[in-house]
Amino acid sequence: MRILVVEDDPDLSRALVRALEKRGYTVTPCLDGLKAFQIIRQGLFDLIILDLNIPGEDGLHLLQRMRNGGIETPVLILTARSSIGDRIAGLNAGGDDYLSKPFD
């Protein structure tokens, strides 16, 4: 399985990449929403782990652009935004699941 991790916190990004690769996944990190969209359009991934608070293009807007463009790759939103309203917005934008930071 190929996973794109869109996370701007370098420490968390490295930790996620390490943990997922240890379990046999092929993982590509990306720190920026604009770059992520360019990568996502290539259709190389089976899953996207997406932070909403990223530079370049907000993760929620990125997700909406993906879905409006017909990109149906499953997306796990992983973010510090933890209110019910944020969760609803993320899922309504096309997220497949929503996990708030911090997580275990």
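None of the values given here were measured: they were computed from a predicted structure.

S.K.: Just checking my understanding: could you explain the pattern of salt bridges for this structure?
M.R.: Any two side chains of opposite charge can pair if their charged atoms end up close together. Following the criterion strictly, the structure yields 7 salt bridges and no others. Between R81 and D58 there is a salt bridge whose closest N-O contact spans 2.7 Å. Residue R81 is found in the loop between β4 (75–79) and α4 (84–92), and its partner D58 is found in the loop between β3 (47–50) and α3 (59–68); the two are separated by 23 residues along the sequence. Residue D58 is classed as partly exposed on the basis of its relative accessible area, which comes to 28%.

S.K.: Looking at this model, I keep getting lost on the environment of H61. Mind explaining?
M.R.: Structurally, the position occupied by H61 is in helix α3. Placed 49 residues apart in sequence, H61 and L12 show a C-alpha to C-alpha distance of 22 Å.

S.K.: Can you help me understand the packing of aromatic side chains in this one?
M.R.: Two aromatic rings are characterised by how far apart their centres lie and by the angle between their planes. Enumeration over the complete set of coordinates arrives at 0 aromatic pairs. When the ring centre of F37 is taken as reference, the NZ or CZ atom of R65 above it lies at 3.7 Å.

S.K.: Just to check I follow, could you spell out the packing of helix α2 (residues 33–40) against α3 for this structure?
M.R.: How two helices pack is summed up by the angle between their axes together with the distance between the axes. Axis separation between α2 and α3 bottoms out at 10 Å; the angle between their running directions is 20°. In this view, α2 runs roughly parallel relative to α3, as classed from their interaxial angle. The interaxial crossing formed by α2 with α3 has right-handed handedness. Seen from α2, the contacting residues are G33, A36, F37 and I40; seen from α3, they are L62, R65 and M66. In the contact of α2 with α3, the residues fall into 5 nonpolar, 1 polar and 1 charged.

Cut-offs applied
- Chains are numbered independently. Their residues run from 1 in the order of the written sequence.
- Side-chain atom pairs in this predicted model are given and counted only at pLDDT of 80 or more, local residue features only at pLDDT of at least 70, and totals for whole chains, interfaces and linings cover all residues.
- Working from all heavy atoms in the structure, the side-chain values ignore hydrogens and water.
- The working definition used for a salt bridge is a side-chain nitrogen of Lys or Arg within 4 Å of a carboxyl oxygen of Asp or Glu.
- For the purposes of this entry, the term helix denotes a DSSP run of H or I that reaches at least four residues, the term strand denotes a run of E that reaches at least two, and both are numbered from the N terminus.
- Throughout this description, buried means an accessible area under 20% of the type-specific maximum (1.4 Å probe, protein chains only), exposed means over 50%, and partly exposed covers the range between.
- Ring pairs are drawn from Phe, Tyr and Trp, using the six-membered ring of Trp, whenever the two centres fall within 6.5 Å, and their geometry is named by plane angle: stacked under 30 degrees, edge-to-face over 60, tilted for the rest.
- Charge-over-ring placement is defined geometrically: NZ (Lys) or CZ (Arg) within 6 Å of the ring centre, and within 35 degrees of the ring normal.
- Note on geometry: axes are C-alpha line fits, over the in-contact stretch for helices, and angles between N-to-C directions span 0 to 180 degrees.
- Oblique is the label for any angle not under 35 degrees, not over 145, and not in the 65 to 115 range, which are roughly parallel, roughly antiparallel and roughly perpendicular in turn.
- Crossing handedness follows the turn of the near helix against the far one: under a right angle anticlockwise gives a left-handed crossing, and clockwise gives a right-handed one.
- Whether two residues are in contact is decided by their heavy atoms, any of which lying within 4.5 Å being enough.
- Residue polarity follows a fixed list, in which Ala, Val, Leu, Ile, Met, Phe, Trp, Tyr, Cys and Pro are nonpolar, Asp, Glu, Lys and Arg are charged, and the others, Gly among them, are polar.

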